[in-house]
Amino acid sequence: AFKNIFFKKYIIFFFLIIFLNFFLNKEIVAHELWLEKNSNVEDKTLIDIMIGQNFKGTPFGFSNDEKEKLFLDNNNTTKDIEQRDGNFPAIQIKLNNNYFNVINYESKYSFLEYDDTEPFEDFVKEQNFLDILLSYKPNKLPTENYKRFSKILISNSDDFFQQQSKLDFEFIALNSPFDKRNEFFEFRLMDKGKPLGNFQVTIFSKTEKNFTKEIIETKPNGEGKIRVFDDRVYLLSAVKIFKPNFIQNLKSKSDWISHWASMTF
């Protein structure tokens with residue numbers, strides 16, 4: 001009887017997660033996605049897929065239908081991570097924390113049609129793409145396809161390697177934020193394997209009691225740095241918005257495409 005009750009609770013919980021993924025995603029599709037460490041259970045590291053804004057979000061269960069790539073990068077040796085639909089927390093993996101671990105998640109494209117032009121205009125202004133406002137038709141509701149490229153850095157040691165570019169839009173760590181000898185965390189923003197210079201990056205950080213937000217710009221070589229402090233969690237975020245070319249438009253059938261890069265540690 002106990003097993004039957006447990007099984008029924010698991011089934012209800014599983015479909016609740018799927019429902020929330022489907023329903024809530026309609027409301028927050030244009031918001032940030034990032035990976036955030038939940039806890040350790042026995043020999044597994046548990047990681048949430050978070051969706052929200054200003055580093056406040058809702059954890060979502062894992063869905064293979066929404067995943068394009070999920071892999072662990074350790075000293076530029078990559079290993080695909082397989083997860084079950086409905087996993088909650090979303091990512092559950094055995095890690096050797098004596099190494100510098102980079103977990104990489106790429107979503108599939110999702111389509112969005114705005115109900116009003118104002119949220120699109122606010123989004124464009126926030127991401128500093130003011131030239132877009134000169135080229136879109138305000139009398140037509142904009143449509144957008146968006147894809148997210150998210151990473152989380154996990155390590156308990158000073159071990160570090162510089163990751164090779166493997167995603168279309170991403171942050172690359174240039175040193176370890178876990179090494180106490182580093183006063184600053186240094187990074188490079190990459191777009192299709194090339195440094196993206198003079199580009200806006202938003203830096204979020206938080207503790208249990210406070211939250212900070214800062215906007216910086218990468219150098220011409222795509223590099224940037226931030227001062228890091230103990231007992232804070234950091235989120236780096238960058239968003240690229242562009243018009244699809246002819247081939248992209250055949251696939252996306254949207255007015256705009258946006259790529260979202262994030263890195264947490």
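Residues numbered from 1 in each chain as written. Predicted model: local features only at pLDDT ≥ 70, side-chain atom pairs only at ≥ 80, totals over all residues. Heavy atoms only, no water.

Colleague: Let's hear about the overall build of the protein: which residues, and what values?
Modeller: The helix and strand inventory of the protein stands at 3 helices and 17 strands. Buried residues in the protein amount to 49% of all 265 residues. Only carbon and sulfur atoms are counted for the fraction: they give 52% of the accessible area of the protein, which is about 14,700 Å². (Helix = DSSP H or I, 4+ residues; strand = E, 2+ residues; numbered from the N terminus. Buried < 20%, exposed > 50% of the residue type's maximum accessible area, 1.4 Å probe, protein only. Areas by Shrake-Rupley, 256 points an atom, 1.4 Å probe, with all protein chains shown as cover.)

Colleague: For the layout of surface pockets, give the residues involved together with the corresponding values.
Modeller: The calculated volume of the second largest pocket comes to roughly 680 Å³. Lining the second largest pocket we find 26 residues, and of these Phe178, Asp231, Arg232, Val233 and Phe265 sit closest to its centre. Listed by contribution, the elements that provide at least two residues to the lining of the second largest pocket are β1 (32-41), β9 (143-154) and β16 (233-242). With 4 residues, β1 is the largest single contributor of residues to the lining of the second largest pocket. For the lining of the second largest pocket, the residue count by class is 10 nonpolar, 7 polar and 9 charged. (1 Å grid on protein atoms, 1.4 Å probe; cavity = no way out; pocket = protein on both sides within 12 Å on 5 of 7 lines; lining within 4 Å. Points joined across faces, edges and corners; volume = space filled by probe spheres on them. Nonpolar A, V, L, I, M, F, W, Y, C, P; charged D, E, K, R; others polar.)

Colleague: Before we move on, can you summarise the environment of Phe111 with the specific residues and values?
Modeller: Here Phe111 shows up in strand β8 (residues 110-113). Setting aside residues up to four positions removed in sequence, Phe111 forms contacts with Thr143, Glu144, Asn145, Ser252, Lys253 and Ser254. (Contact = heavy atoms within 4.5 Å.)

Colleague: Quick rundown of the nonpolar core? Include the residues and the values.
Modeller: One recurring pattern in soluble globular proteins is that nonpolar side chains are buried together. Counting residues in each nonpolar core, the largest one holds 39 residues, and the members touching the most others are Phe171, Phe185, Ile226 and Leu236. Listed by contribution, the elements that provide at least two residues to this core are α2 (117-126), β9, β10 (169-173), β11 (184-191), β13 (200-206), β16 and β17 (256-264). Per-element tally for this core: the top contributor is β16, with 5 residues. Phe185 has contacts with Leu153, Ala173, Asn175, Pro177, Gly224, Lys225, Ile226, Val228, Leu236, Met263 and Phe265, leaving out every residue within four places of it along the chain. In terms of nonpolar packing, the next biggest core, distinct from the first, is built from 18 residues, Ile47, Phe62, Leu95 and Ile154 among them. (Core = buried A, V, L, I, M, F, W, Y, C linked by side-chain atoms within 4.5 Å.)

Colleague: Help me get a handle on the confidence of the model for the protein, residues and values and all.
Modeller: Mean pLDDT for the protein: 90, with 89% of residues reaching 70 or above. Scored below 50 in pLDDT, residues 18-30 shows 18 contacts in the model against residues more than four places distant or in partner chains. (pLDDT = per-residue confidence, 0-100.)

Colleague: Give a detailed account of the pairing of β16, specifying residues and quantitative values.
Modeller: The element β16 is extensively covered by neighbouring structure, given that 9 of its 10 residues are classed as buried. Bridge count for β13 against β16 is 5 bridges, and the pairing is antiparallel. Of the residues in β16, the one forming a bridge with Lys206 is Val233. Of the strand pairs in this sheet, β16 and β17 are connected by 8 bridges, and their pairing is antiparallel. Opposite Ala238, over in β17, you have Ala261 as the bridge partner. (Pairing = 2+ DSSP bridges.)

Colleague: Before we move on, could you go through the packing of aromatic side chains and cite the residues and values that matter?
Modeller: Across all of its chains, the model carries 16 aromatic pairs by this definition. Judged by centre distance (5.8 Å) and plane angle (80°), the rings of Phe100 and Phe161 are edge-to-face. Placement of the pair is Phe100 in the loop between β6 (91-93) and β7 (101-107) and Phe161 in the loop between β9 and β10, with a sequence separation of 61 residues. What makes Phe161 buried here is its relative accessible area of 6%. Through pairs of rings, three or more aromatic residues link up here, namely Phe171, Phe185, Phe187, Tyr234 and Phe265. The lysine or arginine in question, Lys206, covers the ring of Phe55, its NZ or CZ lying 4.1 Å from the ring centre. (Phe/Tyr/Trp six-rings, centres within 6.5 Å; stacked < 30°, edge-to-face > 60°. Lys NZ or Arg CZ within 6 Å of the ring centre and 35° of its normal.)

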